[in-house]
Each structure stands twice: as structure tokens, then as C-alpha cells.
Amino acid sequence: MSCILTAEHVHKIKAARKVLKEFKYEPAKLEKGYANKSLYINISNNSIVSKDVTEKMKDVFIGGKGFGLWYLWNAVNPLTKWNDPENEIVISPGPIAGITQYPGAGKSLVVSISPTTGSVVDSNVGGHFGPFLKFSGWDALEIQGKADREVIIFIDGNKGTISIEEAPLESVDTHLIIEELTEMYAESDEDKRNISVVSSGTAAQNSYIGLLNFSFYDKRRKSPRVKQAGRGGIGTVFRDKKIKAIVVKFNGVKGDLNNPVDLKKIQELGIKLHKEIHDFDAIQTQKREVGTANLVEIMNDYDLLPVNNFKYGNHPETWKIDSKQIKKKVTQNMPDGCWYGCSMACAKAVDGFILKTGPYKGQKVLIDGPEYETVAAVGSNLGIFNLDHVLECNFYCDTYGVDTISLGTTTAFLMECYESNILNKEITGGLELTFGNKDAAMELLHQMSRGESFGKIAGLGVRKIKELLVKEYGAEPQFLNDIGMENKGMEYSQYISKESLAQQGGYAMTNKGPQHDEAWLIFMDMVNNQIPSFEDKAEALHYFPMFRTWFGLMGLCKLPWNDIEPANNRQTSEPAKVPEHVQNYVELFNSVTGKTINKQELIVQSERVYNFQRIFNIKMGFGQKVHDNPPYRSVGPVTVEEYLSRQDRYDQQMKELIGVAPDGKTIEEKIKITRKYREDQYEELRQTVYKRRGWTENGIPTLEHIRNLGIDFPEVLEVVNKHL
Amino acid sequence: MKFLDKNEELCTKCHLCEEVCAAAINKSDDREKSAIRIDDEKDIGIINVCNQCGECIEVCSEQAIFKAKNGVILINKSKCIGCLICVGYCPSLSMIFHEDIPAPFKCIACGKCTDECPSGAIFLKEIIDEEQVAAGVAE
């Protein structure tokens, strides 16, 4: 990476350390994917406890996000705020995580109470931490409490030691601290691959949209790199707890460490998928070549790429930031996976990028990505079609510990407020936040890192900024609610959902907020018209969120499910589900754990955890119908210019679907008619979905459903009964 | 570089090469543990064996696969973490995997099977490449 780290410097950092607590343990040998132990650390009183993972926990909550939700549920009460000491950060990899044969099996799930939503949030992240944690003998790591001075936590999975150490001199920004700690804990260059660091950054401590970086050592580039747990501000919680980093060291990764019941089957499934990716990736989604960035031009072609705060879906200058341009910047032909055995290898890096702004200006750095979401969030959605800006912003977001999606959606909202005269230079401290102003967008991010000026306001996220603008500057709440692209307090991820009713639900009827990891139905719904009726859409909004939840229980990545398809997938009865790959997952789970689920039971496993998370939201004061209301910008055109940009389509829909002649009506009248129709459609979809999911009209899981799922614990019933 | 070449028209599908190979590289009498494979069902592509093309080198995240000075592609088994990407990514599907053996294996052009082949269908061939010249192992 960029900085020149001397042995002397590392020695100095290490010498300033003070051990606050040490703990020795016998690392558990994994059995059928589980260590059967979890690690609890309280940094208020420096206690470290080994807990048993019970069979019941494994049956009901499976692992990963399920374990995280269960531990957090027991840690907090309905009044717990994100910055209360009892809030936890739980990291859990899941029973399949750590296998090396099947692509996408190195994920960790992070769960906490979010600063932006006030409720429970989960984030799925790559890197080597989760598998190393499990190989070190822990199915989950719970961190509770708040340190009174800066600390790091170090787990040595070979020696069986854990320490909490005061760490005054380590950097906070990720690209520096991962180098410092990788250097400090590795005994040789060869040993660096055995280190993984969780860290955040300076902007995380001055905003609510902080993220966590999970490192892995890139053996070819000879540098640590990071993947992000981006959504929901967990990095902010991390820095509020005064944690600089969590480090795990584990030497000895092999393909059989999970001690699965049927290694041969896992190997067969892995080879089969490797062959598929070898044969078809180049002609399907090109993940190996460009990662997720190929979506930039696809979304632009289908009018789905957010431009200027989700007003428009395409732009003539998109070619400047599309994957053809990105390909010229990223280094090619490397096996770029974020965990062993991932032949999908979507991780990408730009080598030797020279920064033009900020505290590291002039330095040559390695940039992870850029992912599609980042290109759209800090590029097109801000009206900025400049790839160097996107890369620079990507680098700073990662090292400062800020979620590119939330940053982009928030900045886009601020730019629209600025152009609508709700904001002005006086309020922004001189920043001219117009669409396309890349220098202002970058400065806003640097201010966030320094905790200064308007950057501090921007770091609050869309929901809290709306409240502030209404309270302090007398802004009109309805307009802000219409254009502020947040739901539940989380900023939208980067897809235009206006022309896909199913995706409007896929965003707003989620557990944690509008992130597309629950459902991405736009092509099924809008392009291929495979789910025309309300019942079809509701079925999709049942099946896909449940199916995708399952990845988070297992420690798996979603991409190898449907970003590669078998040759005959289009000829199957349900190509959108990729039936052969669903069967792969059933067999993977059974081969690791020795259980005997089928594809129906796979969905039930998810349904238990999904409904538990819904009830967790209810416990925290959310999780009801009113919280599933989308901002109108995600449903239809808010402004005149927006209507005009798709006038033919909207006029035609008015005539054919609504049965009203558009002739002679003003644009304002037409916006109103369109809005009434679209909001009614959403309401009908919502009720159909709630019914399909086993929920009341107010979105509360019914007692019958809770009992059928086997999650009718007294404390669950106590929460639900108040609302039935 | 040295590699195992073939003249399939001469192959009688006697499978002797598989027995010799399994014994030589995996000390086994199980033909499934051979790095050369004879397909009874086929008339073309009967003999499947590594041609030392080296595409597997780049896909290995652990850098466990390398080209020896004589041009033969070898696997450092202690570095292998068993991800099997090389097996799925071999263009001729000649990287072999067997559940009893921790790391994948392949033809190392040792020539033991060619010595025993009764029909002369397989034989060692050596071509000089520039890399070898540069490495000082060929002229």
C-alpha cells in the first residue's frame, strides 16, 4: 500500500501498548461446521467469557446473522440506543463459512443496533476474519460495553490467547492501521496471509454512516486489502466503543477444517461450479473480469441507473464511468477472491492510484473495487461522470470508514435540496452542492473525516437531515419526504425502482432498510414480466427475501448463486431461482452439518430468522406497516422535470392502466393522478405480501405463524402480543 | 519443455498406463488415482493427460502451482489449501482430484507410463521454448 512503514515505527506503536486483559483458551476443534463455542468480550470491564453454543441455537438460528440476532436480542432492551454500552457488535461466520471448495464461502455477518435506523441492522462482508475466527474456535464474537480509552482486541487462534490492549498510537484510518497491524503480528512475510483485521476510520467517528473493513492479505500484490460491512453504521458503533481494531491470527487453513460429514460431496459440488464459472462467466456476467461494475452500462441501458438523486435512470455520459473504462484501471488476470476457493473472484483492485485531494494527497495507493454500487452512488447519482473522482472517493470512503451507498444517497439528497433552494452556501459553509460538482462532493467527505462544518451534518444521513431541515430552516416536510431516499432511516441502494412495483416492495418491505440484498426483482418484474399479478409479486417477495436471508445464516455470498448459471438454466421451470444451484446449497448444508434438509426446509430455516428479525424490530419500536412506507421518489415521479423525462411512458400508463385521458391536463395534475394510482398499487401489493408472509394487515407476524415456525418463546410472544 | 504426447490411433485401451501411473505417483493400485486417463467410451479424445500448458498457475490463489526448470508444471502440496479451482479451470480437465488424496495431482511427464505402453500410443516429447533457453536449461 501507500505508506512506507518502518520496523522502527511498528516497534514504537507496539511499545506504547498496555495489556488490559489476557485470556487463555483451548481452541475448539470444529465439528460439522461448528466450534460450538462463542466468545463474549466486554470492553467496559475487560471481561472475556467463553459461551456454549447450544443445539437449540443451531436448530433455530443456524448461525451467522441468526446467531447475531439472538445474542443482540438478549443484550438490549427496547430503550437501548446505538451508543449505549449494552449495544453489541456481533460477528458470526455461519456453519458453511470457511470451506475452501465452493465459491463465495468466506463471509461474516455483523449485527448491531444502528445509529441511523435505531433498530437492528445486519451486514454481510467478505475478507478472512470470519473463517479465521471460526478456525480459532469461535462461532461468534460478541463485543459489548464501551472502552474508556482506545483499544484493540487480538485473538491468536493457534496459541489460544485473547487480549484487550490499550492502543494509543495506532492509526484510525483503515489503509494505515491494517498495514501496521499486519506488519506487527506477522512473524514473516509468509505469515501475513494468516492475519485479518477489522477496522473503521476517522469519518465513522464523526458520522452515523460508518462502516467496518475486514482485511485479507493479497499474496500477489503483497498488501492487505479490505472488504466492507457497509450498511447501517456499524463502524460508527465500533468507533463509539473506542475500538481501533480487532485482529485475528490463524495459521493453517486447509480444506477440511470444518470437519464436514461429507467432504467428497462438497468437493464434487465445488469442482462442478468451478467448471461452470470457467466455461460461462466470460459470456454471462464477467465477474472475473470486471466484478460487479458491468452493471453500470446494463442499468443505464434499462433506465435503472440512478442519476441526480434517483430522478433519472440514464445519462449520455455514463460511458465515462462504465466497466470498459474501469477495466482500463483495474489490474487484470489475477485470481481476485476475498476468500479461498472463490473462482467467481469478483474482487478487483486499482494499483498505484495517485490521490489528488485530502490528507493523503500525492500518495500512491491501492483501491479496492470499485463496485457497481459505489460507481452509481458517488458517480451518476451525484451527476458526476468522472472515473478518477469515483476512485478517489472510493478510496477515501474505505479508509475513512464510510458506507459509499449511504454517503452517495445522502449527498444526492443534499444536492437536490441545494438546487431546490432549501440549502444555500450560507448553510453549507460555502460548499456549492450542485449536481456534478465533484470538488464539493469530495470536500464534504473530507469534512466528515475531520468532523467539521457541513460534513458533520451530511454524516447524519437522510432521515436526520430531513428532521433538521424542517426544524432549523423551516423546510417543507412533504417534499423532503418525497425526495429523501431513505426508508427506516437507511439510505436506498442504487437502483431505480419506479417502474417495478415488486422492487418498490423489495426495498421498503425489508427488515433492515432499503438494501437490495433481500430482493432484486426488477428484471423479473419490469423487463421479463414474469410476475404480473399481485399474487405473483407477493410470492416473489416471500421466496427471494427468504432464500437470500439463508446466505447470511451460512456465511455465504450471494453472487455464485445467480451471477453464474448452468447451461440449461433457461430451460428449467423457474430460471430466476436457478434450481440447480439451490440444490447445490441444500447439499452443501447437509454435507457440512450432517442434517437432511430439502429446498423447502431451507426456506423455513430462513423464515424463522426473518420473522424473528421482524419481531426484533417491533421490540425496538419499529417493524410495523408504517415503517414499510417508501419515499415517493422510489415509486413515481415527484417533480415536473422528472415526469417530463418519461412523459410518453407516464401518459400511456395513464390512458391504458388508470383509464384517464392525459390530454389537456397540466403536468402537475398528471403527477397527482399518477401518484394516487401508484400509491394504491403499492398498498394492494403490501397487503398481499403481508398475507403471504403470515403477517397481519399491520405487518405483525401472526401467533399461528410464529408457532408454526417454532419461535414462540415467551419473550417473543410478549413483544408480539402487545400489537395483535 | 517436456510433455507427454500421444497418438490415439495406436491406443488399445489396455489401461496399463493408468496402473503404472497410479503406482508411481500415488503408490496405489487404484486406476482412479492415475494422472493419465483412458476413456473406453470415446473414439476421439481417448487419452486425457496434462499437456503442461500452465493455465492452472494463474488461478491458484496460494501460488502452489509452478513451472519447473524443465517446463513441467508441478504442485507444491504443502501450500495447497484444497480449493480445487485448478481442477475446474484446467482447459483439458487433466488436473485430477481424488477424495483420498488431499491435493489435486497431474502428469509430471516422468515417462514411466510411456516405458510400459505396449502400442507406443503415448511418448515423451521435448520442445525447446525460449523461457528454458533464458533459464539456461536448454540451448
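Residues numbered from 1 in each chain as written. Chains lettered and ligands numbered in written order. Predicted model: local features only at pLDDT ≥ 70, side-chain atom pairs only at ≥ 80, totals over all residues. Heavy atoms only, no water.

1. Comments concerning the nonpolar core
Line of reasoning, step 1. Ile246, Trp550, Tyr585 and Phe616 of chain A are the most contacted members of the largest nonpolar core, which totals 219 residues.
Line of reasoning, step 2. Leu4, Cys21, Ile96 and Ile122 of chain B belong to the second-largest nonpolar core, a separate cluster that totals 19 residues. (Core = buried A, V, L, I, M, F, W, Y, C linked by side-chain atoms within 4.5 Å. Buried < 20%, exposed > 50% of the residue type's maximum accessible area, 1.4 Å probe, protein only.)

2. Section: helix α24 (residues 599–619) of chain A
Residue and element names in this part refer to chain A.
Line of reasoning, step 1. In this model α24 runs 31 Å from its N-terminal to its C-terminal C-alpha over 21 residues, within 8% of the 30 Å that 1.5 Å per residue would give.
Line of reasoning, step 2. Within α24, 16 of the 21 residues are buried, leaving the element largely enclosed by the surrounding structure.
Line of reasoning, step 3. Between a side-chain oxygen at the N-terminus of α24 and the backbone nitrogen of glutamine 600 the separation is 3.0 Å; the capping residue is asparagine 598. (Helix = DSSP H or I, 4+ residues; strand = E, 2+ residues; numbered from the N terminus. Expected span 1.5 Å × (residues − 1). Polar contact = N/O pair within 3.5 Å; in protein donor to acceptor, adjacent residues only side chain to side chain.)

3. Some details on the interface of chain A and chain B
Line of reasoning, step 1. Listed per partner, the contact involves 23 residues of chain A and 22 residues of chain B.
Line of reasoning, step 2. Approximately 2000 Å² of surface area, both sides summed, lies buried where chain A meets chain B, with 54% of it carried by carbon and sulfur atoms.
Line of reasoning, step 3. Ranking the residues of chain A by area buried against chain B places Arg220, Ile271 and His278 of chain A at the top, with a combined share of 26%.
Line of reasoning, step 4. Where chain A meets chain B, there are three salt bridges.
Line of reasoning, step 5. Two residues, glutamate 62 of chain B and arginine 193 of chain A, come together in a salt bridge whose shortest N-O distance is 2.9 Å.
Line of reasoning, step 6. Taken together, the links from chain A to chain B amount to 13 residue pairs in polar contact (both at pLDDT 80 or more).
Line of reasoning, step 7. Looking at which element gives the most residues to the side of chain A that touches chain B, the answer is helix α7 (residues 263–280) of chain A, with seven residues.
Line of reasoning, step 8. Looking at the side of chain A that touches chain B residue by residue, the classes come out as six nonpolar, nine polar and eight charged. (Contact = heavy atoms within 4.5 Å. Buried area = accessible area lost by both parts, 1.4 Å probe. Salt bridge = Lys/Arg side-chain N within 4 Å of Asp/Glu carboxyl O. Nonpolar A, V, L, I, M, F, W, Y, C, P; charged D, E, K, R; others polar.)

4. Brief notes about the packing of α7 of chain A against helix α23 (residues 579–593) of chain A
Residue and element names in this part refer to chain A.
Line of reasoning, step 1. It is at 9 Å that the axes of α7 and α23 come closest, and there the two elements cross at 150 degrees. Between α7 and α23, the interaxial angle falls into the category roughly antiparallel. In this structure, the crossing between α7 and α23 has a hand that is left-handed. Where α7 abuts α23, its residues Lys265, Ile266, Leu269, Lys272, Leu273 and Glu276 lie against Glu580, His581, Asn584, Glu587, Leu588, Ser591 and Val592. (Axes fitted to C-alpha atoms, helices over the stretch in contact; angles between N-to-C directions. Parallel < 35°, antiparallel > 145°, perpendicular 65-115°, else oblique. Left-handed = near helix turned anticlockwise from the far one by under 90°.)

5. Points about the side chain of lysine 311 of chain A
Residue and element names in this part refer to chain A.
Line of reasoning, step 1. The topology assignment puts lysine 311 in the loop between α9 (295–301) and α10 (323–329).
Line of reasoning, step 2. Residue lysine 311 is classed as buried on the basis of its relative accessible area, which comes to 5%.
Line of reasoning, step 3. There is a polar contact of 2.6 Å between the side chain of lysine 311 and the side chain of glutamate 641.

6. Some words on the domain arrangement of chain A
Residues and elements named next belong to chain A.
Line of reasoning, step 1. Looking at chain A, the domain boundaries give domain 1 (7–249), domain 2 (303–330 + 369–491) and domain 3 (501–564 + 596–721).
Line of reasoning, step 2. Here the C-alpha centroids of domain 2 and domain 3 sit 25 Å apart.
Line of reasoning, step 3. Contacts between domain 2 and domain 3 engage 23 residues on the former and 29 residues on the latter.
Line of reasoning, step 4. When domain 2 packs against domain 3, the two sides together hide about 1900 Å² of surface, and 55% of this comes from carbon and sulfur.
Line of reasoning, step 5. Linking domain 2 with domain 3 are six salt bridges, by the criterion used here.
Line of reasoning, step 6. Counting the contacts that link domain 2 with domain 3 gives 13 residue pairs in polar contact (both at pLDDT 80 or more).
Line of reasoning, step 7. Secondary structure elements with two or more residues in the side of domain 2 that touches domain 3: α13 (404–419), α18 (477–483), β16 (486–487) and β17 (490–491).
Line of reasoning, step 8. In terms of residue count, α18 provides more of the side of domain 2 that touches domain 3 than any other element does, five residues in total.
Line of reasoning, step 9. Of the residues in the side of domain 2 that touches domain 3, the class split is eight nonpolar, seven polar and eight charged. (Domains from an automatic or database assignment.)

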